[in-house]
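Fold and geometry: a report
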Protein chains: 2
Amino acid sequence: MFLALDAGGTSTRAVTLDASGHALGYGRAATGNPTAVGIESAVAAIGHSAQSALAGEVATDPVSCVIAMAGQQTPAFLNRVSARLGSLGVGPVLLQPDLLGIFHSGTHELDGYALVAGTGSVAARIRDGRLERVVGGRGWLLGDEGSGFWIGHHVARAVVAALDNQVPPTALTDLVLAAVGIEAPGSPIDRDRALHQLLTALWARRPVELSAFATLAFQSHADPAARAILLTASRALAQLITAVRMPDQPGPLVVGGSVAVRGMLAAPHDLRGELTRAAAGVQVIPVPDGVVGAAVLALRSAEIHVDAALFDTLRAEVGRVAASAA
Amino acid sequence: MFLALDAGGTSTRAVTLDASGHALGYGRAATGNPTAVGIESAVAAIGHSAQSALAGEVATDPVSCVIAMAGQQTPAFLNRVSARLGSLGVGPVLLQPDLLGIFHSGTHELDGYALVAGTGSVAARIRDGRLERVVGGRGWLLGDEGSGFWIGHHVARAVVAALDNQVPPTALTDLVLAAVGIEAPGSPIDRDRALHQLLTALWARRPVELSAFATLAFQSHADPAARAILLTASRALAQLITAVRMPDQPGPLVVGGSVAVRGMLAAPHDLRGELTRAAAGVQVIPVPDGVVGAAVLALRSAEIHVDAALFDTLRAEVGRVAASAA
């Protein structure tokens, strides 16, 4: 038996499966990313999702495990998560980059590209099933252009500038105020009250929480301020793709992360012109998460060859147990 | 006797003077801004600079005091600073906005505009000696476009993107690495080492410290990446001026803060085209700090009329004691 986990920045997904790709159970929990929430919470979420996927039973036969995750893979985290999963009869635990989890959720091939834009943004060239080159993903302060944080941060700044009368009004203002639970200003004079409430509310949060506003930009993409932000974000993601593309490698490009999949790929065509150009000639495969890829990596780690047929089985099986667990 | 203080984000300046504008002493200390360094450190710096300006003596006659300072003026800070200065025989203490200190460092007139771009950026319209409208200055995360933080942040991001091969090389890279004490990469492969050292070094600092890189952009203003950053910053400062200008008010515009005065106003003309246009028809007066203005406010608080002649005396006198204290 195998346990495959996708420990994402928003949630963790776990699936148990056998060597033929048949899925046995599925579990979901909060984020299992130690960089985002610390080792304690991450290990708890991973343990919780694994328990669900094992249907509450402690495995008697050996269960090898792959966790696909973003960020730094520290020995401290590996020790703690191995101990937790060991108590469920699961081990050994192999940590893999989230980019490989995403890539292999879209294809069984060993060469291509991956682009992930969720809270952060990063792209990679994959060759022989390994990350050959990774670009971006340097965190909210110094990188992550075009990511959920980047878009949400610019949305918040645009609303502050509009409430401050520095720039024309934007449709984003009412959406952001509503999201934070602040009453929209009834008059121009009332703007100052709303602005100060907003500044106070946003300073009380962690900067990275600004990424929650990214969906508001897509929601009001016809608004000039929102449009300008999304165009710049789209260009930044295009730049990531361009930076990893090589003439000798035809693709495919597997795309993951809510900003990329539910945001950019679903946005009007004119908003993502450069993105489309950057991906020209490459098959683009959007995926909802990295759990199928984690399953591919788990089977491969046991030297099981994952061909097109087994990959299709895996994808269908994970879809089946995920749907019945929803 | 009067004590006038400019408690800036980088340093504090204090001057003692009499009712005729004759300066008696001058003192300098670290930042006296409680928002930047906390109440303890701010009060210590203010006390230290005041002691120097009083030449180490405790005043026997009453000394009224004005402190020009940015940020929130809290009762807790006023209580603590009043107690500290009271021990030197100084009081009462009146807190005034730094924008008025800057404005009155450039003119004795009661109407006009002020623009300050140091670590932050803010502009104001002044009428009858009061702030009629303030725009900008919302802090590094949500505002402060065109400020030292904004420029330094974009410099750091540009260097990270260049080391990551996302964008063409920039002259900023070697300057930033040298400023942080990291050896410039000797080869393309060595770039990864430099990038990781830089990310580690920058994450260990407070975000606001990125403003130290602003001077590097001005230093290499011919570099395309630096130029693009400075052009956007210049536009943002122009936007602040435009937001406070009114047709019925001819100026002057007093400009303070190192980024505005030593950076923008000293930059090649083509970099600040929009800034020049935004200030068209207005007399622009750069000032090095707000201590002359604090002196103007101190005299006015004692109902002394500061006319052109007294203002010129004040400015010359503060210049004299500041130079002899340097």
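Some points on the overall build of chain A
Of the regular secondary structure elements, chain A holds 13 helices and 10 strands. By the compact-globule yardstick of 20 Å for 326 residues, chain A fits well, its C-alpha radius of gyration being 21 Å. Looking at chain A as a whole, 53% of its 326 residues qualify as buried. For chain A, long-range pairs separated by at least 24 residues make up 67% of all intrachain contacts whose partners lie at least 6 apart in sequence. A total of about 13300 Å² of accessible surface is found on chain A, and carbon and sulfur atoms cover 56% of it. Measuring between centres, the 23 positive side-chain charges of chain A sit 4 Å from its 27 negative side-chain charges.

Some remarks on the relation of the copies chain B and chain A
By a simple turn and slide, chain B fits onto chain A: the slide is 0.0 Å along the axis, the RMSD is 0.0 Å, and the turn is 180°. Such a combination of turn and shift is consistent with a two-fold rotation axis. Relative to the rotation axis, the C-alpha of L141 of chain B is the closest in chain B, positioned 4.9 Å from it.

Concerning the sheet that holds strand β1 (residues 2-7) of chain B
Residues and elements named next belong to chain B. Here five strands make up an open sheet; going across it, the order is β3-β2-β1-β4-β5 and the pairing mixed. Every other strand in the sheet has two partners, leaving β3 (23-30) and β5 (90-97) as the edge strands with one partner each. When strand polarity is set aside, the average angle formed by the axes of neighbouring strands in this sheet is 15°. Pairing between β1 and strand β2 (residues 11-17): six bridges, direction antiparallel. Looking at the pairing, A4 lines up with V15 of β2.

Looking at the sheet that holds strand β10 (residues 284-286) of chain B
Residues and elements named next belong to chain B. Spatially, the five strands line up as an open sheet ordered β8-β7-β6-β9-β10, and their pairing is mixed. Of all the strands in the sheet, the pair left with one neighbour each is β8 (130-136) and β10. Strand-to-strand twist in this sheet, taken as the mean axis angle between neighbours without regard to direction, amounts to 20°. In this structure, strand β7 (residues 121-127) lies alongside β8, joined through six bridges in antiparallel fashion. In the strand pairing of β8, A124 is matched with V134.

A few points about the confidence of the model for chain A
Residue and element names in this part refer to chain A. On average, chain A scores 92 in pLDDT, and the residues at 70 or more come to 99%. Looking at the elements of chain A, mean pLDDT is at its lowest for helix α1 (residues 34-37), recorded as 81, and at its highest for helix α4 (residues 98-106), recorded as 97. In the model output, the complex is listed with pTM 0.86 alongside ipTM 0.81.

Observations regarding the packing of aromatic side chains
Evaluated as defined, the whole model comprises five aromatic pairs over all chains. Taken together through their ring pairs, the aromatic side chains of W140, F149 and W203 of chain A together with W140, F149 and W203 of chain B make up a single cluster.

Things to note about the interface of chain B and chain A
Quoted interface sizes are often the accessible area lost when the parts come together. Listed as interface residues are 31 residues of chain B and, on the opposing side, 31 residues of chain A. Note on chain B versus chain A: buried area summed over both sides is about 2800 Å², and carbon and sulfur give 55% of it. Salt-bridge contacts for D164 of chain A lead to R138 of chain B; the nearest nitrogen and oxygen are separated by 2.8 Å. Taken together, chain B and chain A are joined by 16 residue pairs in polar contact (both at pLDDT 80 or more). Listing elements by their share of the side of chain B that touches chain A, those giving two or more residues are β8, α5 (148-163), α7 (191-203) and α9 (224-244) of chain B. Here the side of chain B that touches chain A is built from residues that sort into 17 nonpolar, eight polar and six charged.

Some points on unusual backbone geometry
Residues and elements named next belong to chain A. In this model, G91 is joined to P92 through a cis peptide bond whose omega is 0°. Within the secondary structure, P92 sits in strand β5 (residues 90-97). Put simply, G251 and P252 share a cis peptide bond, and its omega is 0°. For P252, the location among the structural elements is in the loop between α9 (224-244) and β9 (253-256).

Examining the pairing of strand β4 (residues 63-69) of chain A
Residues and elements named next belong to chain A. Of all the seven residues making up β4, six are buried; the element is thus mostly covered by neighbouring parts of the structure. Pairing analysis gives six bridges linking strand β1 (residues 2-7) to β4, with the strands arranged parallel. What sits directly across from A4, in β4, is V66. Each parallel crossover has a hand, and the one from β4 via helix α3 (residues 75-86) to β5 is right-handed.

Examining the side chain of D223 of chain A
Residues and elements named next belong to chain A. With respect to the secondary-structure elements, D223 resides in the loop between α8 (214-219) and α9. For D223, which is buried and forms no salt bridge, the nearest opposite charge comes from R227, at a distance of 9.8 Å. Within the structure, the side chain of D223 is placed 2.9 Å from the backbone nitrogen of A171, a separation counted as a polar contact.

Re the environment of P185 of chain B
All names here are of chain B. In this fold, P185 is placed in the loop between α6 (172-180) and α7. Separated by 40 residues in sequence, P185 and A225 have C-alpha atoms that sit 19 Å apart. Residues within four places of P185 in sequence aside, it is in contact with L163, L177, D190, R191, R193 and A194.

What about the nonpolar core?
Where a protein is soluble and globular, its nonpolar side chains tend to be buried together. Within the largest apolar cluster, 107 residues are counted, with the highest numbers of intra-cluster contacts made by I151, L198 and F213 of chain A together with I151, L198 and F213 of chain B. The element that contributes the greatest number of residues to this core is α9 of chain A, accounting for 10 residues. With near-sequence residues (within four places) excluded, I151 of chain A lies in contact with G146, A214, A217, F218, I229, L230, A233, V259 and M264 of chain A.

Overview of the pattern of salt bridges
Residue and element names in this part refer to chain B. Summed over all chains, the structure comprises 28 salt bridges over all chains. Among the salt bridges present, the one from E132 reaches R127, with a minimum N-O distance of 2.8 Å. Overall, the relative accessible area of 39% leaves E132 in the partly exposed class. Given a relative accessible area of 23%, R127 falls into the partly exposed group. A salt bridge links R193 to D190, with the nearest nitrogen and oxygen atoms 2.7 Å apart. By relative accessible area, R193 is classed as partly exposed at 28%.

Here we look at helix α12 (residues 291-301) of chain B
All names here are of chain B. For α12, a buried count of nine out of 11 residues is recorded, marking the element as mostly surrounded by other parts of the structure. Listed in full, the buried residues belonging to α12 are V291, V292, G293, A294, A295, V296, L297, A298 and L299. If you follow the buried residues of α12, they end up packed against β1, β2, β4 (63-69), β5, α4 (98-106) and α13 (308-325). Looking one or two residues beyond α12, the residue adopting positive phi is E303, at roughly 65°.

Considering the side chain of S147 of chain B
All names here are of chain B. You can see S147 is positioned in the loop between β8 and α5. Within polar-contact distance, the side chain of S147 engages the backbone oxygen of T119 at 3.1 Å. Once you skip the residues sitting within four places of it in the chain, S147 turns out to touch G118, T119, G120, S121 and V259.

What counts as what
- Residues numbered from 1 in each chain as written.
- Chains lettered and ligands numbered in written order.
- Predicted model: local features only at pLDDT ≥ 70, side-chain atom pairs only at ≥ 80, totals over all residues.
- Heavy atoms only, no water.
- Helix = DSSP H or I, 4+ residues; strand = E, 2+ residues; numbered from the N terminus.
- Rg over C-alpha atoms; globule rule 2.2 N^0.38 Å.
- Buried < 20%, exposed > 50% of the residue type's maximum accessible area, 1.4 Å probe, protein only.
- Contact = heavy atoms within 4.5 Å.
- Areas by Shrake-Rupley, 256 points an atom, 1.4 Å probe, with all protein chains shown as cover.
- Lys, Arg positive; Asp, Glu negative; His and termini not counted.
- Charge placed at Lys NZ, Arg CZ, Asp CG, Glu CD.
- Least-squares fit on C-alpha atoms with pLDDT ≥ 70 in both.
- Pairing = 2+ DSSP bridges.
- Axes fitted to C-alpha atoms, helices over the stretch in contact; angles between N-to-C directions.
- pLDDT = per-residue confidence, 0-100.
- Phe/Tyr/Trp six-rings, centres within 6.5 Å; stacked < 30°, edge-to-face > 60°.
- Buried area = accessible area lost by both parts, 1.4 Å probe.
- Salt bridge = Lys/Arg side-chain N within 4 Å of Asp/Glu carboxyl O.
- Polar contact = N/O pair within 3.5 Å; in protein donor to acceptor, adjacent residues only side chain to side chain.
- Nonpolar A, V, L, I, M, F, W, Y, C, P; charged D, E, K, R; others polar.
- Right-handed = clockwise from strand over helix to strand, strands pointing away.
- Core = buried A, V, L, I, M, F, W, Y, C linked by side-chain atoms within 4.5 Å.

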